[in-house]
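A closer look at the structure
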Amino acid sequence: MERILQGLGHDKLSLRVGYAYLCFFILLALTYAFGLLLLPEGVMRALPLPSLTFFEGEQSFSSLFARTVAWNLFALLLIVGMNHFRVRRFTLGYLPLYANTLLMGLFAGTNSFSGGISTYTLEGWLMFLRIGFLEFSAYILVCAATVGLAMFHADRWRGEQFKRIRRLRDMRLSKQELVLALVALGLLIVAAYNEWKYVG
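The shown structure was predicted, so the numbers you read here are calculated from the model rather than taken from an experiment. (Residues numbered from 1 in each chain as written. Predicted model: local features only at pLDDT ≥ 70, side-chain atom pairs only at ≥ 80, totals over all residues. Heavy atoms only, no water.)

**Re the state of the cysteines**
For the record, the criterion: The criterion for a disulfide is a pair of cysteine sulfur atoms lying within 2.5 Å.
This model, assessed by the stated rule, comprises zero disulfides. Cys 143 provides the cysteine sulfur closest to Cys 23, a residue in no disulfide bond, and the two sulfurs are 10 Å apart.

**Describing the sheet that holds strand β3 (residues 152-154)**
Whether parallel or antiparallel, the strands of a sheet pair through hydrogen bonds between backbone atoms. The test is simple: When DSSP finds two or more bridges between two strands, those strands count as paired. By definition, any uninterrupted DSSP run of H or I lasting at least four residues is a helix, any uninterrupted run of E lasting at least two residues is a strand, and each is numbered from the N terminus.
Pairing is mixed in the open sheet, where four strands are placed in the order β2-β1-β3-β4. Of all strands in the sheet, those with a lone pairing partner are β2 (90-91) and β4 (163-164), marking the two edges. Taken together, the two bridges between β3 and β4 define a ladder with antiparallel strand orientation. Looking across to β4, one finds that Phe 152 is bridged to Arg 164.

**Observations concerning a nonpolar patch on the surface**
Note the threshold: Candidates for patches are residues over 30% relative accessible area with no salt bridge; among them, like charges are joined within 9 Å and nonpolar side chains (Val, Leu, Ile, Met, Phe, Trp, Tyr) within 5 Å. A 1.4 Å probe and the Shrake-Rupley method give the accessible areas. Residues count as covered only by the protein chains that appear here. Salt bridge, as used here, is a side-chain nitrogen of Lys or Arg placed within 4 Å of a carboxyl oxygen of Asp or Glu. Relative accessible area decides the class of each residue, using a 1.4 Å probe on protein chains only: under 20% of the type maximum gives buried, over 50% gives exposed, and in between gives partly exposed.
A cluster of nonpolar residues, Phe 34, Leu 36, Leu 37, Leu 38 and Tyr 120, forms a patch on the protein surface that exposes about 520 Å² of accessible area. Mapping Leu 37 onto the fold places it in helix α2 (residues 13-38). Exposure remark for Leu 37: the relative accessible area of 67% places this residue in the exposed category.

**Topic: the nonpolar core**
Going by this rule: Think of a nonpolar core as a cluster: buried Ala, Val, Leu, Ile, Met, Phe, Trp, Tyr and Cys residues, connected wherever their side-chain atoms sit within 4.5 Å. Should any heavy atoms of two residues lie within 4.5 Å, those residues are considered in contact.
Counting residues in hydrophobic clusters, the biggest one holds 33 residues, and the most contacted among them are Leu 8, Val 17, Phe 24, Tyr 94, Leu 97, Tyr 98 and Tyr 139. Residue assignment for this core shows that the elements contributing at least two residues are α2, α4 (61-82), α5 (94-109), α7 (132-145) and α8 (175-198). The leading source of residues in this core is α7, at nine residues. In this structure Tyr 94 touches Leu 8, Arg 16, Ala 20, Asn 83, Cys 143, Ala 144 and Val 147, once residues within four positions along its chain are discounted.

**Comments concerning unusual backbone geometry**
Not every positive phi belongs to a glycine, and Arg 88 is a case in point at roughly 55°. If you check the backbone angles, Asn 111 has positive phi at about 55° while not being a glycine. With respect to the helices and strands, Asn 111 occurs in the loop between α5 and α6 (122-130). For Asn 111, a relative accessible area of 8% gives the class buried.

**Thoughts on α5**
For an α-helix, 3.6 residues make a turn, and residues three or four places apart therefore share a direction. Defined as follows: Every helix has an expected span of 1.5 Å times one less than the residues it contains.
For α5, which comprises 16 residues, the first-to-last C-alpha distance of 22 Å matches the rise-based estimate of 22 Å (1.5 Å per residue) to within 8%. Within the span of α5, buried status applies to Tyr 94, Pro 96, Leu 97, Tyr 98, Thr 101, Met 104, Gly 105, Leu 106, Phe 107, Ala 108 and Gly 109. At the exit of α5 stands Asn 111, carrying a positive phi of roughly 55°.

**Structural notes on the side chain of Arg 16**
Selection criterion: N or O atoms closer than or at 3.5 Å make up a polar contact, with two conditions inside protein: a donor-capable atom paired with an acceptor-capable one, and, for residues adjacent in sequence, both atoms drawn from side chains.
Within the secondary structure layout, Arg 16 lies in helix α2. A polar atom in the side chain of Arg 16 sits 2.8 Å from the backbone oxygen of His 10. Of note is the side chain of Arg 16, whose polar atom sits 2.8 Å from the backbone oxygen of Ala 144. In contact with Arg 16, other than residues within four places in its own chain, are Gly 7, Leu 8, Gly 9, His 10, Asp 11, Tyr 94, Ala 144, Ala 145, Val 147 and Glu 177.

**Details of the pattern of salt bridges**
Applying the stated criterion to the full structure yields three salt bridges. The closest approach of N and O atoms between Glu 177 and Arg 16, which form a salt bridge, is 2.9 Å. Of this pair, Glu 177 sits in helix α8 while Arg 16 sits in helix α2, and the two are 161 residues apart along the sequence. Here the two residues Glu 177 and Arg 16 agree in accessibility, since each one is buried. Put simply, Asp 170 and Arg 167 hold a salt bridge, and the shortest N to O gap is 3.3 Å. The class for Asp 170 is partly exposed, based on a relative accessible area of 40%.

Don't take any of this as a statement about function, it's just geometry.
The following block contains the structure:
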């Protein structure tokens, strides 16, 4: 576990991305299996998630597309904002990323997504690759790319206040990190288009 946490905060960008995807797939598989084996099918549909109420009602393709992009940009900004805080080598932007991963695994494992396509079928998995995987890839890439933006640091999870370690004007992304962030934005646009092409 300690090795994974160190990998998520590694100085080398490619290792951070690799460890971030590793954690994503492990958590997704575990929560999918938990939902599939231990929870009733469809049980998550009644969960009042803000992201679901955001898309209620009849809307045009352009409106739905814009709302999808806006919602995903909000998620990205939340991840980047939380990456300004770090405990040891772990930046907190990973917390909303993996909390969303747990929710997606439970939704998929209990077949609770709307849209009429079962997550227990090949069609459902292909839909995940076209939409969900692209969205989460964007989250992962942005999170890994902005790990170095931490402004506040603590050595312990409890009993210690965060200390400022750099000023806002001192923070910079490397060229590789900036390219990764731009790729992530492109993935979000493709995922939003796919969502309303295949589901909307």
